[in-house]
Amino acid sequence: MIRAMFHATRKTLTALAVLAAMSGCGSLGMQDDAPARIEAALQKCSGDMLAMDADRIASAFASDGELQDRDRPPVVGRDAIRTYLKTFTGVKVEENVLKGGSLQIVGPSALQMGTFRQKARLADGKVVESKGTFEAEWERQADGSWLISRVTTNPPPFEPTNAGAVP
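Scoring rules and cut-offs
- Residues numbered from 1 in each chain as written.
- Predicted model: local features only at pLDDT ≥ 70, side-chain atom pairs only at ≥ 80, totals over all residues.
- Heavy atoms only, no water.
- Helix = DSSP H or I, 4+ residues; strand = E, 2+ residues; numbered from the N terminus.
- Phe/Tyr/Trp six-rings, centres within 6.5 Å; stacked < 30°, edge-to-face > 60°.
- Buried < 20%, exposed > 50% of the residue type's maximum accessible area, 1.4 Å probe, protein only.
- Salt bridge = Lys/Arg side-chain N within 4 Å of Asp/Glu carboxyl O.
- Contact = heavy atoms within 4.5 Å.

A.B. asks: Just to check I follow, could you spell out unusual backbone geometry for this structure?
C.D. replies: Working note: non-glycine residues mostly have negative phi, and peptide bonds are mostly trans. Not every positive phi belongs to a glycine, and M52 is a case in point at roughly 55°. Positionally, M52 belongs in the loop between α2 (34-50) and α3 (54-58).

Shown next, in the form of structure tokens:
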């Protein structure tokens with residue numbers, strides 16, 4: 001399903017690129033500093049996650065943004081995302097790393113794929129570590145900033161433990 005979403009998003013971005021090229025429309029042109037702005041927004045969000053600041057994390061999303069965590073139903077809307085994040089009372093994020101990988105920018109939209117790693121201490125003292133990949137769709141705002149329209153996290157790809165071992 002995620003692969004289908006990625007391909008659908010890719011088709012949308014490709015269509016936007018063709019439309020922009022055909023129309024010569026400057027408003028769909030790429031900002032020269034768009035990659036740096038998106039990376040800065042990603043790292044700010046990572047720092048906000050480390051601080052477990054639900055208000056600041058939610059502000060990284062467009063008003064109708066979506067947060068999709070693996071196989072859970074998406075959390076839609078900035079207010080719903082804020083409310084969802086505030087349910088993690090007593091959780092202390094000890095490590096949070098978001099590393100952007102590929103980035104496709106077409107006019108006011110961008111698709112970024114990367115990896116994440118997080119270590120958190122739950123209220124009961126248990127330490128939980130997670131890692132995997134993420135896909136983030138970004139929207140350029142009128143002021144030149146970028147907000148997340150949708151982000152999806154996925155577990156890491158399957159890695160066999162005994163690859164190539166002879167039984």
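A.B. asks: I would appreciate a short explanation of the packing of aromatic side chains in the present structure.
C.D. replies: Geometrically, a pair of aromatic rings is defined through the distance of the ring centres and the angle of the planes. Scanning the model with the defined rule gives one aromatic pair in all. Consider the rings of Y84 and F88, whose centres lie 5.3 Å apart with planes at 90°: the pair is edge-to-face. Note on F88: relative accessible area 32%, which makes it partly exposed.

A.B. asks: Is there a simple way to explain the pattern of salt bridges in this structure?
C.D. replies: Side chains that carry opposite charge are capable of pairing whenever their charged atoms lie near each other. This model, assessed by the stated rule, comprises twelve salt bridges. We note a salt bridge from R121 to E94, for which the minimum N-O separation is 2.7 Å. Remark: E94 occurs in strand β3 (residues 92-106) and R121 occurs in strand β4 (residues 109-121); sequence separation between them is 27 residues. Overall, the relative accessible area of 33% leaves E94 in the partly exposed class.

A.B. asks: What am I meant to see in the side chain of D48 here?
C.D. replies: Here D48 is to be found in helix α2. A relative accessible area of 4% places D48 in the buried class. For D48, the residues in contact, after removing those within four places along its chain, are D53, R56 and I57.

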